[in-house]
Amino acid sequence: MTIASAPSKVNLILRVGAADSSGYHGLATVFQALSLREYVEASMVGAAGSSLDRIGTPSVRTYIYEQTRGSHPRLSAQRTESFAELDSAEHLAVRAAAALGAGGNVHLDVHKTIPVAGGMAGGSADAAAALVAVNDLLGGRRNLAELQEIGRSLGADVPACLVGGLALGLGRGDQMEVLRGGTTHPNEDSSWWVLVLSKRGLSTPSVFNRFDKMSQQSAGAPAISAMDLLDLRRAGASQSVAGLLVNELAPAAIDLRPDLQVVGESLRRHGTQAWLVSGSGPTVAGLASSQEEALRIAAAVEAEDLPEVREVAVAWGPTQGATIESRLPSWTV
Ligand code: C5P
């Protein structure tokens, strides 16, 4: 049995170009890995009497946790599916196990703290953690570069969840270069975020479609200036990151969901240095000057009781990428 975890992400910079023949858009993006993580426990399954970890059929059990500010996540839903009855295309952790050749003989427990369909790469983090856990279970045959290659075939954000830290993503956002490594614990160089999670998800393809309809120019390859990259590599305190934030998908996301603008304005009113839609949304992320500020602002936004807001969480980054864990966190069931 092996346990691995992988981070969520926020795109500090997201520049979008034209779609290629496959429908994917060229991206130039900078990911910051955030402290909300997914945990995947992988075990080998076999028949009674075998020496494998557990008896039964290959299946996945998914636990979904709610964020609670200042204390531990709380279980809100749970379901078990056998691999046979699953639409594996829908479950990236299952696809990850299958891509490593272990689809027929592993059981996965997936503990989710990242909002589903929230623009924070929850599904991709499941895949990244499953790749690392199952690879270890199979004897660690693949190196990180090989896992990246497999991850890329599963989803555009999987490589970012694998590497973590602060990373530049080109191509579909999946060709990675790490700008700064992530830390296991927050320090004075960490950014603190207030994450406003929505009651409803927002589909990534629909946001890209709306982007295509709204954009006038036939955009070339998107780019990030060398100066901005230099600033980001150096950026320690949140202060210096605030001026660089940009998300070219935001107008499309806000066009589909005007309530995201209302959330952003609430964050600004309560004192965030800057706010942005996370990836394709609908999570809205506000940058705070410290942990204390983030907690204060989160409480203030939550107290407004905005109709589309499910919960308000606090997270920090950049944190480490997908990694083996010795145990599950104490709050998991
Ligand atoms: O790769 P992933 O499954 O995360 O992408 C979901 C959808 O988002 C794609 O099917 C595509 O419609 C859109 N997308 C895109 N360009 C990208 C990444 C995603 O158009 N670079």
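Residues numbered from 1 in each chain as written. Predicted model: local features only at pLDDT ≥ 70, side-chain atom pairs only at ≥ 80, totals over all residues. Heavy atoms only, no water.

S.K.: Let's hear about the layout of surface pockets: which residues, and what values?
M.R.: Empty space among the atoms becomes visible once a probe the size of a water molecule is rolled across them. Within this model, the largest pocket holds a volume of roughly 1,300 Å³. Leu92, Ser124, Asp157, Thr204 and Pro205 are, among the 46 residues lining the largest pocket, the residues nearest its centre. No other element matches the five residues that helix α5 (residues 204-214) contributes to the lining of the largest pocket. Its residues assigned to classes, the lining of the largest pocket shows 20 nonpolar, 16 polar and 10 charged. By volume, the second largest pocket amounts to about 850 Å³. In terms of lining residues, the second largest pocket is bounded by 30 residues, among which Ser35, His72, Pro73, Trp316 and Trp331 are the most central. Among the elements of the structure, β2 (25-46), α10 (291-304) and β13 (309-317) are those that each provide at least two residues to the lining of the second largest pocket. (1 Å grid on protein atoms, 1.4 Å probe; cavity = no way out; pocket = protein on both sides within 12 Å on 5 of 7 lines; lining within 4 Å. Points joined across faces, edges and corners; volume = space filled by probe spheres on them. Helix = DSSP H or I, 4+ residues; strand = E, 2+ residues; numbered from the N terminus. Nonpolar A, V, L, I, M, F, W, Y, C, P; charged D, E, K, R; others polar.)

S.K.: Describe in detail the site of the ligand, supporting the description with residues and values.
M.R.: If you check the shell around the ligand, you find Gly23, Tyr24, His25, Leu27, Gly155, Ala156, Arg172, Thr204, Pro205 and Phe208 and nothing else. At 3.4 Å from an oxygen atom of the ligand is found a main-chain nitrogen or oxygen belonging to glycine 23. Between the ligand and tyrosine 24, the relevant distance is 2.8 Å, taken from an oxygen atom to a side-chain nitrogen or oxygen of the residue. In the complex, the protein chains occlude 74% of the 460 Å² of accessible area that the ligand would expose alone. Because more than half of its atoms lie within 2 Å of the grid, the ligand is assigned to the largest pocket. Elements supplying a minimum of two residues to the shell around the ligand: β2 and α5. With three residues, α5 is the single largest residue contributor to the shell around the ligand. (Near = heavy atom within 4 Å. Polar contact = N/O pair within 3.5 Å; in protein donor to acceptor, adjacent residues only side chain to side chain. Areas by Shrake-Rupley, 256 points an atom, 1.4 Å probe, with all protein chains shown as cover. Sits in = over half its atoms within 2 Å of the grid points.)

S.K.: Describe the pattern of salt bridges, and please don't skip the residues or the numbers.
M.R.: Pairing between side chains becomes possible if they bear opposite charge and their charged atoms approach one another. A complete count under the given rule lists 15 salt bridges for this structure. Between aspartate 157 and lysine 9 there is a salt bridge, and its shortest N-O distance comes to 3.9 Å. Taken together, the positions of aspartate 157 in the loop between α3 (144-154) and α4 (158-163) and lysine 9 in strand β1 (residues 2-19) put the pair 148 residues apart, joining distant regions of the chain. With relative accessibility at 21%, the residue aspartate 157 sits in the partly exposed group. The salt bridge partner of arginine 200 is glutamate 308, with a shortest N-O separation of 3.1 Å. You can see arginine 200 sitting in the loop between β9 (191-198) and α5 and its partner glutamate 308 sitting in the loop between α10 and β13, a full 108 residues away along the chain. Residue arginine 200 is classed as partly exposed on the basis of its relative accessible area, which comes to 43%. When salt bridges that share partners are traced, they join Glu38, Lys112 and Asp126 into one network. (Salt bridge = Lys/Arg side-chain N within 4 Å of Asp/Glu carboxyl O. Buried < 20%, exposed > 50% of the residue type's maximum accessible area, 1.4 Å probe, protein only.)

S.K.: Quick one: what's the story with the environment of valine 116, residue by residue and with numbers?
M.R.: Within the secondary structure layout, valine 116 lies in the loop between β6 (106-112) and α2 (122-137). Taking the C-alpha atoms as reference points, valine 116 and arginine 257, 141 residues apart in sequence, are found 17 Å from one another.

S.K.: Please give an account of the packing of aromatic side chains that cites residues and values.
M.R.: Evaluation of the coordinates by the stated rule reveals two aromatic pairs. With centroids separated by 5.9 Å and ring planes inclined at 80°, the aromatic side chains of tyrosine 39 and tryptophan 331 adopt a geometry described as edge-to-face. Taken together, the residues span a long stretch of sequence, with tyrosine 39 in strand β2 and tryptophan 331 in the segment after β14 (323-325) at a distance of 292 residues. For the pair shown, tyrosine 39 and tryptophan 331 are each scored as buried. (Phe/Tyr/Trp six-rings, centres within 6.5 Å; stacked < 30°, edge-to-face > 60°.)

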